[in-house]
Every structure is written in C-alpha cells, then in structure tokens.
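# Analysis of the macromolecular model
As a plain string of letters, each chain reads:
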Amino acid sequence: MTDAQSYMGKLITIDRYILEQQQSHPEATGTLTNLLYDLALAAKIIASKTTRAGLAEILGSAGEENVQGEEVQKLDAFAQRTIFRLNDHTGRLAVMASEEVEDVIPIPERFSVGPYVLVFDPLDGSSNIDMNVSIGTVFGIYRRKTTTGRGALEDVLQPGRALVAAGYILYGASTMMVYSTGQGVHGFTLDPAIGEFLLSHPHLMLPAKPKYYSVNQGYQPYWAPGVQAYTAWLQHDTPEKPGLSLRYIGSLVADFHRNLLAGGVFYYPADHKDPQKPGGKLRLVYEANPLAFLIEQAGGYASDGARAILDIQPEQLHQRVPLFIGNRILVEQAEMLLHQQDATVAA
Ligand code: AHM
Ligand code: MG
C-alpha cells in the first residue's frame with residue numbers, strides 16, 4: 001500500500017496531519033509545525049474575504065502602488081496584513097519578506113525573534129480579483145542564516161535549495177492549501193461549513209503523462225527562437241509525449257495547481273517586449289522558488305531555461321526570473337532547445 005492509499009477515505013485535518021509529520025522527526029521542536037498552523041489560519045482568514053470579493057465593500061483598488069509599480073488591490077493589502085499580523089509576535093520568525101513590501105520586513109522590536117524566515121506573495125494574480133478568477137498565496141520558509149541579532153536581507157536571499165518548507169493557498173472553486181516540508185506534497189481542501197482544511201490530496205505526484213502546456217501565447221511574437229521552437233515541440237506528438245493542450249489562466253497558483261494534478265508545463269519566459277522585464281515577470285524569491293521546491297517534491301523540475309531554479313543565488317529581493325516548471329522531461333527539453341538556439345544565434 002502506498003502512503004497516499006493509506007490515507008484514502010480518512011478524515012484528517014491539516015493540524016493533525018502536520019503534527020503526525022512532525023512526529024517522524026523526534027528532534028523537531030514544533031516551531032515549524034506551529035508556523036504552518038499559522039499559515040493555515042491566515043489562509044482561512046484570507047479565504048473568508050476572497051469568497052466575498054464581488055461585494056461592493058472590497059471592490060476597487062486601495063489607490064496605492066506597490067514596489068513593482070502595480071496598483072494594490074484592497075484584498076492584497078488585507079492578505080499582506082493578515083499574514084504579517086499572524087506571524088509578527090510568535091517568536092518563530094527572524095524576518096519576513098513579501099512581494100508587497102520593498103525591503104525585508106523586520107519583526108517589531110517589542111517581540112522576540114526566532115529561527116525561521118518567511119517569504120511570501122500574499123495574493124498573487126490580483127489583476128484577476130475583479131473578474132472572479134482564482135487567485136493564490138505563495139510562501140516559502142527558510143532557517144535563518146545569520147546567527148545573531150534580528151533577521152536581515154541575507155537571511156532572505158538564500159537559494160531555494162535551502163527551503164525547509166513551501167506551499168500555496170489557492171482561492172478557487174474551493175480553497176486549498178498545498179504544502180511540503182520535504183516529505184512529499186500534500187493538499188488540503190477547506191470545508192467552509194466547519195472551517196477546517198481536510199486532507200484531500202496526500203502525497204501528490206505529477207502524472208507521468210503530461211496533458212497541458214501553459215504560457216501567455218499573446219507574447220509569442222516577442223519570444224526568443226528557442227521558446228518558439230519549444231512551444232512547437234510541446235504542441236506536436238513526439239516520441240516522449242502526445243501533443244499537449246493549451247491551458248492558461250494567468251494566475252500562477254491556479255495554473256501551477258492544475259498542471260500539478262494533470263501533468264504539464266507552465267512557462268513564463270523572458271520576452272523582448274517589455275524592457276522593464278528582460279528576465280521574465282515572475283519573482284525568484286517568493287514565487288518561483290516555493291513552487292520549484294514543490295514541483296521537485298512531486299517528481300518534477302523547474303528551470304530558468306539553463307539551470308535549476310533552486311540553485312540560483314538570489315541577488316535582490318524582488319528579482320525576476322524566467323520560469324519553466326512542470327514534468328521533468330518537458331522542462332529539460334526547454335533547457336535543451338533554448339541552449340541549442342542560443343548556440344545557433346551565437347555561431
Ligand atoms: P502579480 O504578482 O502582479 O499578481 O503577477 C503575477 C501574475 C501571475 O499570477 C501570472 O502567472 C502572471 O502574472 C500572468 O502574467 P500575464 O498577464 O503577463 O500573462
Ligand atoms: Mg505575484
């Protein structure tokens with residue numbers, strides 16, 4: 001019997017499951033366990049608002065710009081505040097960092113600091129909110145690197161390989177929390193009637209036969225030749241796979257989640273249209289890395305087109321990175337074709 005089968009039909013809350021996983025590590029102090037509980041609570045609080053997102057009180061934007069120069073929607077601000085406030089005083093974190101805040105977020109002086117670092121995108125895909133399209137939260141947890149004082153930028157700028165846990169919350173037709181602490185990927189669905197996340201997808205693994213490719217094909221005229229060649233390869237039957245169908249929501253967590261369940265590849269390559277984003281659009285620290293950690297745990301792979309996302313040493317908090325993520329065989333083909341085309345162009 002596989003681990004996944006042993007959970008079939010059992011009613012297990014996220015709290016109990018996290019605790020059971022902790023018990024297989026006798027040395028664990030429970031700090032990480034409690035941090036995950038806090039994130040599950042944040043998920044419920046944010047979900048309670050996203051499910052009411054069509055209502056007048058929260059429609060419209062807060063009228064501010066975030067550090068990426070984008071308009072902050074009210075729900076973004078709410079999600080940011082919720083995650084911060086649930087984690088600022090627990091003594092579990094040394095420092096936090098978020099897409100919505102320019103610099104690292106210190107723990108207020110009046111609270112003690114702890115051994116972990118939390119990076120997050122509080123509400124990704126915010127341009128979809130007003131259209132009632134799925135949105136998500138992405139998070140990653142590191143152990144702090146600095147040994148004294150309060151946390152610093154150095155604690156945040158760690159390669160994804162050093163993540164101890166990562167996950168996302170998908171606010172869709174139902175709310176799901178999916179996370180990994182390095183022992184497989186586990187998915188929980190929120191039962192709104194009882195306010196509990198129940199284990200629905202234990203030990204998620206990518207299906208061997210992929211179904212979908214996901215990319216904003218509207219930018220195709222601006223792609224490099226390698227990305228053009230790669231997309232053509234995905235579309236056609238090849239010895240390795242059938243031709244894939246296109247699915248693109250434009251909401252990273254939802255696109256990632258669908259491909260995790262069905263098999264496939266999501267990519268957001270560098271394009272040449274927007275000089276502001278020569279390295280793609282997505283951010284390494286709190287978008288690409290947590291999802292790369294999850295995909296490797298599910299048997300897949302994530303690359304920037306040349307190397308594993310998890311091996312990149314971040315230089316800046318908000319740096320962008322091209323992202324190819326999904327079934328290993330599909331992502332490795334992207335690396336191969338991008339490399340081949342670069343070599344042709346250089347010759
Ligand atoms: P955001 O962090 O500002 O919400 O933007 C990230 C989103 C992702 O969810 C999604 O994958 C991508 O932007 C879609 O971009 P595009 O509209 O260019 O396809
Ligand atoms: Mg984002």
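Below is a summary of the structure that appears in this document.

### Some details on the overall build of the chain
Secondary structure assignment for the chain yields nine helices and 15 strands. In the chain, which comprises 347 residues, the share counted as buried stands at 54%. Pairs at least 24 apart in sequence give 64% of the contacts found in the chain among residues at least 6 apart. Carbon together with sulfur atoms contributes 52% to the accessible area of the chain, which is approximately 15000 Å² in total.

### Observations regarding the packing of aromatic side chains
Under the definition given, this model contains 10 aromatic pairs. A ring pair is formed by Tyr-230 and Phe-324, whose centres lie 6.0 Å apart and whose planes are at 65 degrees; its orientation type is edge-to-face. Here Phe-324 lies in strand S15 (residues 323–326) and Tyr-230 lies in helix H6 (residues 225–235), a separation of 94 residues in the sequence. Taken together, the aromatic side chains of Trp-223, Tyr-230, Trp-233, Tyr-267 and Phe-324 make up a single cluster linked through ring pairs.

### Section: the nonpolar core
In this structure, Tyr-168, Leu-260 and Ile-309 are the most contacted members of the largest nonpolar core, which totals 43 residues. Ranked by residues supplied to this core, first place goes to helix H8 (residues 284–297) with nine residues. Contacts of Ile-309, omitting those with residues within four sequence positions, involve Leu-284, Ala-288, Asn-289, Ala-292, Ala-302, Ser-303, Asp-304, Val-321, Pro-322 and Leu-323. In terms of nonpolar packing, the next biggest core, distinct from the first, is built from 40 residues, Ile-135, Met-177, Tyr-179 and Phe-197 among them.

### Structural notes on helix H2 (residues 14–23)
By the burial criterion, the buried members of H2 are Ile-14, Tyr-17, Ile-18, Gln-21 and Gln-22. Each buried residue of H2 lies within a common arc of 140 degrees when the element is viewed along its axis, so the set occupies one face. Contacts from the buried residues of H2 go to helix H3 (31–50), strand S8 (175–180), strand S9 (186–191) and strand S10 (196–201).

### With respect to the sheet that holds S8
The mixed open sheet is built from eight strands, whose spatial order is S4-S3-S5-S6-S7-S8-S9-S10. Bordering the open sheet on either side are strand S4 (105–106) and S10, each of which pairs with just one other strand. Sheet topology places S9 next to S10; five bridges connect them, and they run antiparallel. In the sheet register, Leu-190 faces S10, and the bridge partner there is Phe-197. Each of strand S3 (93–98), strand S5 (116–124), strand S6 (135–143), strand S7 (165–171), S8, S9 and S10 touches H3; the most contacted strand, S6, lies at about 165 degrees to it. In the packing of helix H7 (residues 252–262) onto the sheet, the strands contacted are S5, S6, S7, S8 and S10, and the crossing angle to S7 comes to about 105 degrees.

### Details of the site of ligand 1
Ligand 1 sits among 17 residues. The nearest are Asp-124, Gly-125, Tyr-248, Leu-252 and Tyr-268. Asp-124 has a polar side-chain atom sitting 2.4 Å from an oxygen atom of ligand 1. Within the backbone of Ser-126, an N or O atom sits 3.4 Å from an oxygen atom of ligand 1. Relative to its unbound accessible area of 470 Å², ligand 1 is 88% covered by the protein chains. Going through the elements one at a time, S5 and strand S13 (264–268) are the ones with two or more residues in the shell around ligand 1. Considered class by class, the residues forming the shell around ligand 1 number five nonpolar, five polar and seven charged. Here the shell around ligand 1 gathers at least three residues from each of two domains, domain 1 (3–203) and domain 2 (212–346).

### A look at the pattern of salt bridges
Taken as a whole and judged by the stated rule, the model has 10 salt bridges. Glu-99 is the salt-bridge partner of Arg-283, the closest N and O atoms lying 3.5 Å from each other. On the criterion of sequence distance, the pair formed by Arg-283 in the loop between S13 and H8 and Glu-99 in the loop between S3 and S4 is long-range, its members being 184 residues apart. Just as Arg-283 is buried, Glu-99 falls in that class too. For Arg-258, the salt bridge is made with Asp-255, and the minimal N-O distance between the two is 3.1 Å. Separated by three residues within a single helix, Arg-258 and Asp-255 lie in helix H7, roughly one turn from each other. Here Arg-258 and Asp-255 have matching classes, each one buried. Because the salt bridges share partners, they merge into one network encompassing Glu-99, Arg-283 and Glu-287.

Definitions and cut-offs
Residues numbered from 1 in each chain as written. Chains lettered and ligands numbered in written order. Predicted model: local features only at pLDDT ≥ 70, side-chain atom pairs only at ≥ 80, totals over all residues. Heavy atoms only, no water. Helix = DSSP H or I, 4+ residues; strand = E, 2+ residues; numbered from the N terminus. Buried < 20%, exposed > 50% of the residue type's maximum accessible area, 1.4 Å probe, protein only. Contact = heavy atoms within 4.5 Å. Areas by Shrake-Rupley, 256 points an atom, 1.4 Å probe, with all protein chains shown as cover. Phe/Tyr/Trp six-rings, centres within 6.5 Å; stacked < 30°, edge-to-face > 60°. Core = buried A, V, L, I, M, F, W, Y, C linked by side-chain atoms within 4.5 Å. Arc of directions from axis to C-beta. Pairing = 2+ DSSP bridges. Axes fitted to C-alpha atoms, helices over the stretch in contact; angles between N-to-C directions. Near = heavy atom within 4 Å. Polar contact = N/O pair within 3.5 Å; in protein donor to acceptor, adjacent residues only side chain to side chain. Nonpolar A, V, L, I, M, F, W, Y, C, P; charged D, E, K, R; others polar. Domains from an automatic or database assignment. Salt bridge = Lys/Arg side-chain N within 4 Å of Asp/Glu carboxyl O.

Purely spatial values, then, with no claim about function.
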